Amino acid sequence: MQQGGGGGGSETEVTWEDQQNINKFGRLNNRFHELQDEIKIAKETNDNLEDASNELILTDEEVIRFQIGEVFAHVSKEEVESRIEQMNEVTSKNLEKLEAEKESVLAQMAELKKILYGKFKDSINLEEE
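Chemist: Help me out: how do you make sense of the environment of L116 in this one?
Modeler: Assignment of secondary structure puts L116 in helix α2 (residues 77–120). Placed 98 residues apart in sequence, L116 and D18 show a C-alpha to C-alpha distance of 7.4 Å. If near-sequence neighbours (up to four positions away) are discounted, L116 is found in contact with D18, N21, I22, K121, I124 and L126.

Chemist: Got a minute to help me understand the nonpolar core in this structure?
Modeler: What tends to happen in soluble globular proteins is that the nonpolar side chains get buried as a cluster. Ranked by internal contacts, the top residues of the largest apolar core, which has 16 residues, are V105 and M109. Breaking this core down by element, the ones donating at least two residues are α1 (16–58) and α2. In terms of residue count, the dominant contributor to this core is α2 (seven residues).

Chemist: I tried to follow the environment of Q108 on my own but got confused; where do I start?
Modeler: Looking at the element boundaries, Q108 is found in helix α2. C-alpha separation for the pair Q108 and N29, spaced 79 residues apart in sequence, amounts to 9.9 Å. In this structure Q108 touches K24 and L28, once residues within four positions along its chain are discounted.

Chemist: Is there a simple way to think about the environment of Q36 in this case?
Modeler: Its place among the elements puts Q36 in helix α1. The exposure class assigned to Q36 is partly exposed, which follows from its relative accessible area of 33%.

Chemist: What exactly am I supposed to notice about the layout of surface pockets here?
Modeler: Rolled over the atoms, a probe with the dimensions of a water molecule shows which regions are left empty. Each pocket or cavity is described by its volume, and for the largest pocket that value is around 350 Å³. A52, R65, F66, V80 and I84 are the residues nearest the centre of the largest pocket, which is lined by 16 residues in total. Only α1, β3 (63–68) and α2 provide two or more residues apiece to the lining of the largest pocket. Broken down by element, the residue count for the lining of the largest pocket peaks at six residues, all from α1. Each residue belonging to the lining of the largest pocket can be placed in one class, and the counts come to nine nonpolar, four polar and three charged.

Chemist: Hey, could you run me through the packing of aromatic side chains in this one?
Modeler: Within a pair of aromatic rings, the relevant descriptors are the distance that separates the centres and the angle that separates the planes. The tally for this structure, following the rule as stated, stands at zero aromatic pairs. Directly above the aromatic system of F72 lies the positively charged group of R65, at a separation of 4.8 Å from the ring centroid.

Chemist: I would appreciate a short explanation of the pattern of salt bridges in the present structure.
Modeler: Close approach of charged atoms lets side chains of opposite charge pair. Taken as a whole and assessed by the stated rule, the structure comprises eight salt bridges. In this structure, E38 engages R31 in a salt bridge whose closest nitrogen and oxygen atoms are separated by 3.3 Å. Here E99 and K43 are joined by a salt bridge, their closest N and O atoms 3.9 Å apart. Residue E99 is found in helix α2, and its partner K43 is found in helix α1; the two are separated by 56 residues along the sequence. Accessibility expressed as a relative area gives 41% for K43, which makes it partly exposed. Beyond isolated ion pairs, a larger network of salt bridges with shared partners links R31, E34, E38 and E101.

Thresholds, definitions, all that
- Residues numbered from 1 in each chain as written.
- Predicted model: local features only at pLDDT ≥ 70, side-chain atom pairs only at ≥ 80, totals over all residues.
- Heavy atoms only, no water.
- Helix = DSSP H or I, 4+ residues; strand = E, 2+ residues; numbered from the N terminus.
- Contact = heavy atoms within 4.5 Å.
- Core = buried A, V, L, I, M, F, W, Y, C linked by side-chain atoms within 4.5 Å.
- Buried < 20%, exposed > 50% of the residue type's maximum accessible area, 1.4 Å probe, protein only.
- 1 Å grid on protein atoms, 1.4 Å probe; cavity = no way out; pocket = protein on both sides within 12 Å on 5 of 7 lines; lining within 4 Å.
- Points joined across faces, edges and corners; volume = space filled by probe spheres on them.
- Nonpolar A, V, L, I, M, F, W, Y, C, P; charged D, E, K, R; others polar.
- Phe/Tyr/Trp six-rings, centres within 6.5 Å; stacked < 30°, edge-to-face > 60°.
- Lys NZ or Arg CZ within 6 Å of the ring centre and 35° of its normal.
- Salt bridge = Lys/Arg side-chain N within 4 Å of Asp/Glu carboxyl O.

Here it is, written out as structure tokens:
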């Protein structure tokens, strides 16, 4: 299998290992985009929980309508505060985990870019459009 530069450029042999690196880069790039979406959702959830917590502080009511699944239940203010705090902790930990995975994926992609650009130079494009 030959990788050519189109019209008269130098040809570089694409080995099985090169193809594996290209495929791995593609999978990592897909995961990177998935992580970006998941991080965005987690941040929005964190913001919503923070807003709910702030609204709870401002309310005078002792019994709050709290959504559980698709149903609203009457729950004490202290219980709602506790649940929101727990939900916020879980979401924050998930966000940290996603951010760490994103950094790992970016590092792996950078390493593969070095390897692939080192061999193929301008014959390969690994950049986003």
